Amino acid sequence: MTREERNKEIQEELKRKEEQKETQNVVSSNNTEGDKIVSFAKKYIGYGYTWGGTSPSKGFDCSGFVYYVYNSCGYSLSRSCQVQATSGTAVSKSNLAKGDLVFFDNGSNGSIGHVGIYIGGGKIIHAENERTGVRTDTINSGYYNKYYYLVWLCHLIMIYNHMMSFVKFFEAQKSFDR
């Protein structure tokens with residue numbers, strides 16, 4: 001192998017490693033977004049429940065808690081549970097990711113009546129009621145399993161961010177190749 005061929009081989013290997021590193025960084029950043037939302041939400045475990053509440057000082061209701069957490073983490077989200085539930089595309093329960101919104105059809109006439117944030121391990125964090133306030137619960141058994149309705153949003157936001165990271169990477173790669 002000539003020196004020129006060896007240098008070309010080394011450059012190609014470095015390019016492959018850089019692409020792998022970029023892909024790993026993108027995947028990690030996607031996990032980080034959900035982790036960021038969950039970590040922020042967990043700070044409010046034990047805070048009080050107030051119907052219509054959207055702040056730590058006054059307390060939260062379920063959609064007010066989700067609204068506060070998401071907006072604090074840089075995502076624009078409606079205040080209403082019913083609007084939140086119709087603003088996105090469903091993700092199957094088997095594809096839950098940290099930070100996804102989980103909706104429950106426990107309202108009057110089977111309507112959307114509750115929302116929580118998926119934190120992993122089959123659990124959500126949510127502002128449950130005046131007695132319990134912000135807490136975690138399982139969605140794989142009991143009450144919240146019975147009324148489980150759909151999941152959406154953060155998982156899709158992270159997929160979008162993942163795709164945009166690849167677009168930026170390939171755009172940068174094109175200018176590098178010139």
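> Before we go on, may I ask you to explain the overall build of the chain in this structure?
When its secondary structure is counted, the chain shows five helices and eight strands. Within the chain, the fraction of its 178 residues that count as buried is 38%. Considering only intrachain contacts with a sequence separation of at least 6, the fraction spanning at least 24 residues in the chain is 55%. Here the chain displays about 10400 Å² of accessible surface, and carbon together with sulfur accounts for 50% of that area.

> Help me out: how do you make sense of the packing of aromatic side chains in this one?
For any pair of aromatic rings, the description rests on two quantities: the centre-to-centre distance and the angle between the ring planes. Tallied over the entire structure, the rule returns eight aromatic pairs. Ring geometry for Y44 against Y47: centres 5.1 Å apart, planes inclined by 65°, an arrangement best described as edge-to-face. Classification of Y47 by relative accessible area gives partly exposed; the value is 33%. On the numbers, 5.4 Å between centres and 50° between planes, the contact of F60 with Y68 is tilted.

> Can you help me understand the pattern of salt bridges in this one?
Tallying each qualifying case throughout the model produces four salt bridges. Across the salt bridge formed by K98 and D35, the nearest N and O atoms sit 3.4 Å from each other. Pair noted here: K98 is in the loop between β3 (90-91) and β4 (101-104) and D35 is in helix α1 (residues 3-42), with a separation of 63 residues, a long-range link. Its relative accessible area of 33% is what places D35 among the partly exposed residues. The salt bridge partner of R135 is D137, with a shortest N-O separation of 2.8 Å.

> Whenever I open this one, the state of the cysteines confuses me. Can you help?
Disulfides are covalent bonds that link the sulfur atoms of two cysteine residues. Under the definition given, this model contains zero disulfides. C62 takes part in no disulfide bond, and the closest cysteine sulfur, belonging to C81, lies 4.7 Å away. Assessed through its relative accessible area of 5%, C81 is described here as buried.

> How do you make sense of the pairing of strand β5 (residues 114-120) when you look at a structure like this?
In regular strands, side chains alternate between the two faces of the sheet. For β5, the buried fraction is high: seven of the seven residues fall into the buried class. The sheet contact formed by β4 and β5 spans four bridges and is antiparallel. If you follow F104 over to β5, its bridge partner there is H114. Here β5 runs beside strand β6 (residues 123-127); their pairing, made up of three bridges, is antiparallel. Residue pairing for β6: G120 is matched across the bridge by K123. Once β5 ends, the chain turns through two residues before running back antiparallel as β6, passing G121 with a positive phi of about 65°.

> What should I look at first to understand the nonpolar core in this one?
Buried together is how nonpolar side chains tend to be arranged in soluble globular proteins. Grouped together as the largest cluster of nonpolar side chains are 27 residues, with contacts concentrated most on F65, V69, Y70, L101 and I117. Contributions of two or more residues to this core are made by α1, α2 (62-72), α3 (81-86), β4, β5 and β6. Examining the composition of this core, we find that six residues originate from one element, α2, more than from any other.

> I keep staring at the environment of S72 and nothing clicks. Help me out?
Note that S72 resides in helix α2. For S72, a relative accessible area of 38% translates into the label partly exposed. When the C-alpha atoms of S72 and I37 are compared, they prove to be 8.9 Å apart, with 35 residues separating the residues in sequence. Within polar-contact distance, the side chain of S72 engages the backbone oxygen of Y68 at 2.7 Å.

Reading the values: rules and limits
- Residues numbered from 1 in each chain as written.
- Predicted model: local features only at pLDDT ≥ 70, side-chain atom pairs only at ≥ 80, totals over all residues.
- Heavy atoms only, no water.
- Helix = DSSP H or I, 4+ residues; strand = E, 2+ residues; numbered from the N terminus.
- Buried < 20%, exposed > 50% of the residue type's maximum accessible area, 1.4 Å probe, protein only.
- Contact = heavy atoms within 4.5 Å.
- Areas by Shrake-Rupley, 256 points an atom, 1.4 Å probe, with all protein chains shown as cover.
- Phe/Tyr/Trp six-rings, centres within 6.5 Å; stacked < 30°, edge-to-face > 60°.
- Salt bridge = Lys/Arg side-chain N within 4 Å of Asp/Glu carboxyl O.
- Disulfide = S-S within 2.5 Å.
- Pairing = 2+ DSSP bridges.
- Core = buried A, V, L, I, M, F, W, Y, C linked by side-chain atoms within 4.5 Å.
- Polar contact = N/O pair within 3.5 Å; in protein donor to acceptor, adjacent residues only side chain to side chain.

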